[in-house]
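A look at the structure
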Amino acid sequence: MTQDDSRSYRGLLAALRLYLGVIFAIAAYGKLAHLAALPDMIGGFVNNVGLVRAPEFFKEFLSGVVVPHLKAFAMLTVAGETFVALSMLTGTVVRLGGVVALFLLTNYMLTKGMWWWDPASNDGAQSVIAAVVVIGAAGRAFGIDAYLAARWPNGWFW
């Protein structure tokens, strides 16, 4: 691989990482702007979409665990989205941020009753991007993880 190829590869990884960061920043901002109403908003989505469309095993999780604890899940969701956005946009602990993104996106997708291979599943497409970001260690491409990896080369977070 030549120097130019390496630069192109790192640039592509950085672009994917930043794209994912912007997507999660927009999602988190929308929730943070309506923090007081967030449990009701998520509850409405879970009741009107999740309990109708989700696979049977996930409906049981939604009705038995999420619905009784809506406020906690609402706060965890916005905290997770904010963490992913900051991680991706700054290039800090990107592998961990990518794993959190995969977890969140899988839950969103299952709540909507979709799978990774559904053509209309933007969550599925973003999951693939998150997996590429994790595997490619995208934080080392023009991110703070590059400095952390130089300082602590054995850290698996970067």
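Use the structure listed above.
What you see is a predicted model; the values in this text were computed from it and never measured. (Residues numbered from 1 in each chain as written. Predicted model: local features only at pLDDT ≥ 70, side-chain atom pairs only at ≥ 80, totals over all residues. Heavy atoms only, no water.)

This part is about the pattern of salt bridges. The tally for this structure, following the rule as stated, stands at two salt bridges. A salt bridge links Glu 81 to Lys 31; its shortest N-O distance comes to 3.2 Å. You can see Glu 81 sitting in helix H4 (residues 70-90) and its partner Lys 31 sitting in helix H1 (residues 3-32), a full 50 residues away along the chain. Overall, Glu 81 belongs to the buried group, its relative accessible area being 1%. For the salt bridge of Asp 123 with Lys 112, the shortest nitrogen-to-oxygen distance reads 2.7 Å. Residue Asp 123 is found in helix H6 (residues 122-135), and its partner Lys 112 is found in the loop between helix H5 (94-111) and H6; the two are separated by 11 residues along the sequence. Classification of Asp 123 as buried rests on a relative accessible area of 4%. (Salt bridge = Lys/Arg side-chain N within 4 Å of Asp/Glu carboxyl O. Helix = DSSP H or I, 4+ residues; strand = E, 2+ residues; numbered from the N terminus. Buried < 20%, exposed > 50% of the residue type's maximum accessible area, 1.4 Å probe, protein only.)

A few words on the packing of H5 against H6. Any two packed helices are characterised by the angle at which their axes cross and by the distance between the axes. Running from amino to carboxyl end, H5 crosses H6 at an angle of 160 degrees, the nearest separation of the two axes being 9 Å. With respect to H6, the element H5 is oriented roughly antiparallel. In this structure, H5 meets H6 at a crossing whose hand is left-handed. Contact residues: H5 offers Val 94, Arg 95, Gly 98, Val 99, Ala 101, Leu 102, Leu 105, Tyr 108 and Met 109, while H6 offers Asp 123, Gly 124, Gln 126, Ser 127, Ala 130, Ala 131, Val 133, Val 134 and Ile 135. Looking at the contact of H5 with H6, its residues break down into 12 nonpolar, four polar and two charged. (Axes fitted to C-alpha atoms, helices over the stretch in contact; angles between N-to-C directions. Parallel < 35°, antiparallel > 145°, perpendicular 65-115°, else oblique. Left-handed = near helix turned anticlockwise from the far one by under 90°. Contact = heavy atoms within 4.5 Å. Nonpolar A, V, L, I, M, F, W, Y, C, P; charged D, E, K, R; others polar.)

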